[in-house]
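# Examining the three-dimensional arrangement
Listed below are the residues making up each chain.
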There are 4 protein chains.
Amino acid sequence: VPNSPIKIFNDPVYGFIHLPRGIVFDLVEHPYFQRLRRIKQLGMTHYVYPGALHTRFHHALGAVHLVSLALDSLRSKGVKISEEEAEGVSIAVLLHDMGHGPFSHTLEHIIAPGTTHEELSLAFMEHFNEVYKGKLDLAIPIFKGTYPRKFLHQLVSSQLDVDRLDYLRRDSFYTGVVEGNIGSDRIIKMMDVRDDELVIEAKGIYSIEKFLLARRLMYWQVYLHKTVVSAEQMLVKILKRARELAIQGQELFATPAFRFFLSGEGLDGGLKLNSKVLDTFARLDDFDVMASIKVWAHHPDFTLSTLCQKMIDRHLYKCTFSNDPVPAEHLDVLRQRALDHFPRLKPEEVDYFVFEDTVDNTLYSADSIKINILSDQNEVRDISEASDQYDLPTLTRQVTKYFLCYPKELREAGAR
Amino acid sequence: VPNSPIKIFNDPVYGFIHLPRGIVFDLVEHPYFQRLRRIKQLGMTHYVYPGALHTRFHHALGAVHLVSLALDSLRSKGVKISEEEAEGVSIAVLLHDMGHGPFSHTLEHIIAPGTTHEELSLAFMEHFNEVYKGKLDLAIPIFKGTYPRKFLHQLVSSQLDVDRLDYLRRDSFYTGVVEGNIGSDRIIKMMDVRDDELVIEAKGIYSIEKFLLARRLMYWQVYLHKTVVSAEQMLVKILKRARELAIQGQELFATPAFRFFLSGEGLDGGLKLNSKVLDTFARLDDFDVMASIKVWAHHPDFTLSTLCQKMIDRHLYKCTFSNDPVPAEHLDVLRQRALDHFPRLKPEEVDYFVFEDTVDNTLYSADSIKINILSDQNEVRDISEASDQYDLPTLTRQVTKYFLCYPKELREAGAR
Amino acid sequence: VPNSPIKIFNDPVYGFIHLPRGIVFDLVEHPYFQRLRRIKQLGMTHYVYPGALHTRFHHALGAVHLVSLALDSLRSKGVKISEEEAEGVSIAVLLHDMGHGPFSHTLEHIIAPGTTHEELSLAFMEHFNEVYKGKLDLAIPIFKGTYPRKFLHQLVSSQLDVDRLDYLRRDSFYTGVVEGNIGSDRIIKMMDVRDDELVIEAKGIYSIEKFLLARRLMYWQVYLHKTVVSAEQMLVKILKRARELAIQGQELFATPAFRFFLSGEGLDGGLKLNSKVLDTFARLDDFDVMASIKVWAHHPDFTLSTLCQKMIDRHLYKCTFSNDPVPAEHLDVLRQRALDHFPRLKPEEVDYFVFEDTVDNTLYSADSIKINILSDQNEVRDISEASDQYDLPTLTRQVTKYFLCYPKELREAGAR
Amino acid sequence: VPNSPIKIFNDPVYGFIHLPRGIVFDLVEHPYFQRLRRIKQLGMTHYVYPGALHTRFHHALGAVHLVSLALDSLRSKGVKISEEEAEGVSIAVLLHDMGHGPFSHTLEHIIAPGTTHEELSLAFMEHFNEVYKGKLDLAIPIFKGTYPRKFLHQLVSSQLDVDRLDYLRRDSFYTGVVEGNIGSDRIIKMMDVRDDELVIEAKGIYSIEKFLLARRLMYWQVYLHKTVVSAEQMLVKILKRARELAIQGQELFATPAFRFFLSGEGLDGGLKLNSKVLDTFARLDDFDVMASIKVWAHHPDFTLSTLCQKMIDRHLYKCTFSNDPVPAEHLDVLRQRALDHFPRLKPEEVDYFVFEDTVDNTLYSADSIKINILSDQNEVRDISEASDQYDLPTLTRQVTKYFLCYPKELREAGAR
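Quick look at the structure, then. (Residues numbered from 1 in each chain as written. Chains lettered and ligands numbered in written order. Predicted model: local features only at pLDDT ≥ 70, side-chain atom pairs only at ≥ 80, totals over all residues. Heavy atoms only, no water.)

## Notes on the pattern of salt bridges
All names here are of chain A. Tallying each qualifying case throughout the model produces 92 salt bridges over all chains. The partner of Arg149 in a salt bridge is Asp196, and the shortest N-O contact between them spans 3.1 Å. Remark: Asp196 occurs in the loop between β3 (191-194) and β4 (197-201) and Arg149 occurs in the loop between α7 (139-144) and α8 (150-156); sequence separation between them is 47 residues. The class for Arg149 is buried, based on a relative accessible area of 18%. One salt-bridge network, in which partners are shared between bridges, spans Arg241, Glu244, Asp301, Lys346 and Glu349. (Salt bridge = Lys/Arg side-chain N within 4 Å of Asp/Glu carboxyl O. Helix = DSSP H or I, 4+ residues; strand = E, 2+ residues; numbered from the N terminus. Buried < 20%, exposed > 50% of the residue type's maximum accessible area, 1.4 Å probe, protein only.)

See the structure below:
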């Protein structure tokens, strides 16, 4: 319906998403934003959960949907929110992930070293604010957390923001890990505002605890699943090797935008966020990376082609987790086995084949913006105090795991 | 399909439930079991969650469905389970709740004082074993926990039995409290057996923790919701008052079966589980109780009729929860207010109108059959040791809450 | 939240239902309306689909939810609807089924002969209009179809009203017959208004055709399922026999309200809808009927007790459907077999045991309020003209089936 | 679980998919099959339904899951099916779509002219049969329809095959068009075999009619949605133009595999299905095509770069449907307007910017393998005879629509 004031998007997660026409919809239509259609939310996770192909585009729309529900609910409780603030927070939510490149968290530090995706998101917002003549004047301070009414920023970015509410529910839906599902509707209905800070009504505390646990479950079962970690680590190694070869001046198939970032051109001392770099970054997506990896599987460099071929055929490295570091001698044995098994492998490249690292996760961070619980007596307390089940040490305990990756052939060789 | 070896039941929760013809299906068809169609799983909970009208009949079928999935999965892992054992455990699961009367937990001690529903279930099983000429010879020891292979009993009754797996998922479904949903499929797939005890593979630990938390959430959000507690407490008071009047020999509308239990005939020293009592018990269901309450709303006894009218019209008592006991003086004030407000109320009956009590819940009990986790190194440990997030004190902390109930009129009177 | 302007109900079908406080919520709280909590939407259907225990209470709330979505959508397209009209149509939807008694369609003509449930609904509305001092002044003409803006009535009662949209989706959900599910969200979004009549945008035509077919599927698979028909016919026979006995002055267990309707007191020449009759009707629900049937299973009258015992134990009559009438000789054979099999059965009561009747269903009725399709060229046409797949004769073809019911024992006897 | 005889895949649609280890799982692991992870089931449909990103890989696994359910159900009804037949039909189902290239139906005739995807699928099967030493000896005749027991082929390929059952349910799930959902469980339970032909029990006829209508709805609402058609037609034009330029010898960015097919090398007289061509085809997927289109947006050729830029930015052509052909004069006006609007556009390339074509759909084809209904009297009839609602002309009516595509700028220009 061309003249309808509302644009409707289909979403298997929520049914329908309504977007008001105007600046929010104009931003969605911008080619820079459309590019998010080509960036998967969960990178290589679909190698384990084949349904996990959803994009940052869909996630951003979902988060805007949730923030509009939250605004409705808060207003129904008497919280005054102006039309400008509502638009500002919607824009901030919509664009909060603009700075993500392909395989975002995984490749963030390789594609754009020295720059975080939040800085890139902000750079895009400032660019849009110029293009759209100041229409993001409120969205930018809300995103940065400098706007006086803190709850607007907390909706965008905190330990209980609409980003997390959407991604947990969406990732749970598309992976099929139903236990990651959260009651976003109920949590949103429990939101209120006191002293311009976001609070949760006391009776919602069980939903919050469940939300924290759902997030933890999704970390260990999905985001840090050992096969997902293996695929993502291999991707990191591929990009690292490709950049080495590019810097050495070797011939490498790549789209022009990808070549720019591979060559590290203009990247010394970190990415300069000028408009040319931003525009090139906005041309980069999963397709550039994967199309190249497919071609590189036939590259003369042994390390690059072996990694790429394994990635394409889903012959992923074996990855084992443990609570303790990998003993040095165990690593040495595996490295030697790799050199024996792959005659073309050079000793200085053995770390592409055998390596270790750590992952960690925390249920709740005492250092970040806290989750505030509003008691029936109208008092605000941190969730670690309000919970009758959990105390702060339990909630904030950081769990760290060590992992070791190496080609499956080495294990089989070892079994002899 | 009359001659099909399989009988199919529709279930919105699982899609279809397959039941083999033979003794299991014969038991389902028995009038004693069919009676479970008339006993709601969640008593008066539908006053808060209007969809929660599902019955013990459906729950029992669902639990049989889950146990058959569990048996399939265990067998696929090489656990030997004979056809007789499979039938035995299915029967034990099917009948585990046979001993529940109307509004089960709520009225258990009023309708059948001195007898638990487990004892009644066992009495029904023994009755069936006579009727069906020994076909429950294995089911009974499995139910009682005397069969040597413990895991079969643990599937029927433990902290991770198919009873809990089904009721959490089913109650979550029908109440609409999606956060109570659990990944029963995944938990079942993680089950294994070591030394004839049920264990859970280590990678399932997040699902188990989530399951424990989902159960806790369902307790506080559904089973112990303050309005549910109010309705159930009023029901208890109604039955208590009705029995008092019955024993006094006052005229009371009731079906014959209900009259038997109200009059307390043959109940001195507890219910005798002879076949007449069993048969009468098996004629009792939600319909006897509610039909009587509706009539009693017009009974000359002030206390009985007031309670019943409020129940029928859903004018439930106000119910407040707190972490501390209700101060005695507060109770006295309310009692006096009740006597002032209801001129026909006699002082000795004031506890029908103003009363307090406690509810409690524990995430995990160290005293019951434990949840065993099987590590990657094939070692079995209790979940409180295997978890990297929770220790035993956190898991076994008992949470107790005090509640106070009184008619809403008293509050309003107090507001003047 | 006591002072919140919105009351929230949980609904597994839609998640949450929001009800504005004010007259709509006051009506929900009225004991006459609360009674709908005790009337199942689908009567005895749960004997085939054990999950189908949902009530008219929940359905009425669901329909109000859908009408509020429809009003939002229409307003967003520029249709002017005043606050009074919105409230009026919400009330009309809420109360559209007030006139249903227990096992509604089945027992309608037995409990309240000469009166339709629509007339009873209207009587309740007029009663409420007195109680609430004219607050239903708009709801009543909208319900009756005399309000000038026809689309408001069409939302309440037409071939595409919110009643059907809710019951198809709800019945599909609780039976587990997923194929009966309909895209109510999409259909509502396709609604528009032209000349104060409800129309559907052309691109919604596939959804409408699917909706018609889903309804037909639900008829044959659920509402007219042969076992459901059997149970409902047996219920009719039970009530018919009970009334005969009551009129003969025989002793019959019954609640006072049920006794009133059984005795046919004041029912000669049809139900008089005075306030006493209305009040008594409002005390009647599924519990009165089922509690009595359970007791009647032990009544000395052979026909009544046999029917009731079979009903309680779910020993339902065999029911066969065919496209042609049952041959008279076949009926005679079965009747004779019944008399042979049941020595206590009197010949004049044989029709309680062996009987035939018809059921029918039509996809779309050309005589009712039509479904109008709005073309891209802004022209309004009946769906039978707008469809490129179906013509009027196909859409309006009435399908009639004959069924025959008799006790299963007779079939088995015949098999010898 | 490395040694488990079962491999489990997560699937949001069915929960879990179990795959037996052995040849079926070996085929899944083959790089040729893994490539299906990079081919979306619905091409550009995600431009309208952003969730529709699922792949042919997941669909193939889903279809294998359904066929295993169908085999279980048939066996439970006494149909004898050998282990070899079960494996054969599973393989045939798994590989039925192997011959699809990127954006399958859309680009089929451009990438592999003169060859159907069925022929390519067969070529892959024959290749696998060599590699796996005859293990597809039964799968191949089942796929081709030459195996004597016809129902096995009918499960793989007919008007009610597991291909359709899975894709309708899966596409419905991922698009969010819930009305396209079908009761695959129920349809499968209704399957039986008579004279080695697949039949559906009579009581399943409503599910079948609903299935046919769901498929029709999915055609018009999803597969032939006007914006989807626009995107796919633009893709066709892009590839056509790229091939023209390639044949002219112009420089074009492309991966080696894509270059092979673009250049038309060895394609004169149709694709030769030798092992080199097959291997190159198996290296081609969505990534090759989209990465190239992104680069071509900056190509010096006006037609190619304009089309590609519009595609990438989702500035799709306006597409209008009608029941009648587009008048020639209307086309001429639009063509002239295109030439006026785009000064660099050459007259001989105007058909890349303004063009018309047709789409059509039929509910049920009388020429294909029929859907047989098994009556209660054990007679087999075609669905068009068995239905009491639809006759053959209604069911087999072909609906054809004409569409017209052109850049949106031309419409706006015309509005002046």
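There is more to say, and it comes next.
## Here we look at the interface of chain A and chain D
Facing the 43 residues of chain A at the interface are 43 residues of chain D. Of the roughly 3,500 Å² buried between chain A and chain D, counting both surfaces, carbon and sulfur atoms make up 63%. At the junction of chain A with chain D, the criterion picks out four salt bridges. The partner of Lys294 of chain A in a salt bridge is Asp288 of chain D, and the shortest N-O contact between them spans 2.2 Å. Where chain A packs against chain D, one counts 10 residue pairs in polar contact (both at pLDDT 80 or more). Only β1 (6-11), α2 (31-34), α3 (56-76), α9 (162-175) and α15 (286-296) of chain A provide two or more residues apiece to the side of chain A that touches chain D. No other element matches the seven residues that α15 of chain A contributes to the side of chain A that touches chain D. Its residues placed into classes, the side of chain A that touches chain D shows 20 nonpolar, 12 polar and 11 charged. (Contact = heavy atoms within 4.5 Å. Buried area = accessible area lost by both parts, 1.4 Å probe. Polar contact = N/O pair within 3.5 Å; in protein donor to acceptor, adjacent residues only side chain to side chain. Nonpolar A, V, L, I, M, F, W, Y, C, P; charged D, E, K, R; others polar.)

## Some points on the relation of the copies chain A and chain D
Expressed as a screw operation, the relation of chain A to chain D combines 0.0 Å of axial shift with a rotation of 180°, fitting to an RMSD of 0.0 Å. Look at the turn and shift together and you get a two-fold axis relating the two. Looking at the rotation axis and the C-alpha trace of chain A, the residue lying nearest is Phe287 of chain A, at 2.6 Å. The overlap is high: 100% of the interface residues of chain A also sit at the interface in chain D, so the same surface is used on both sides. (Least-squares fit on C-alpha atoms with pLDDT ≥ 70 in both.)

## A few points about the interface of chain C and chain A
If you look at the interface, chain C gives 12 residues, while chain A gives 12 residues. Of the roughly 960 Å² buried where chain C meets chain A, counting both sides, 59% is carbon and sulfur surface. Applying the counting criterion to the chain C and chain A interface returns zero salt bridges. At the junction of chain C and chain A, the tally comes to two residue pairs in polar contact (both at pLDDT 80 or more). Broken down by secondary-structure element, the contributors of at least two residues to the side of chain C that touches chain A are β1 (6-11), β2 (15-20) and α10 (184-189) of chain C. The element that contributes the greatest number of residues to the side of chain C that touches chain A is α10 of chain C, accounting for three residues. Partitioned by chemical class, the residues of the side of chain C that touches chain A number four nonpolar, three polar and five charged.

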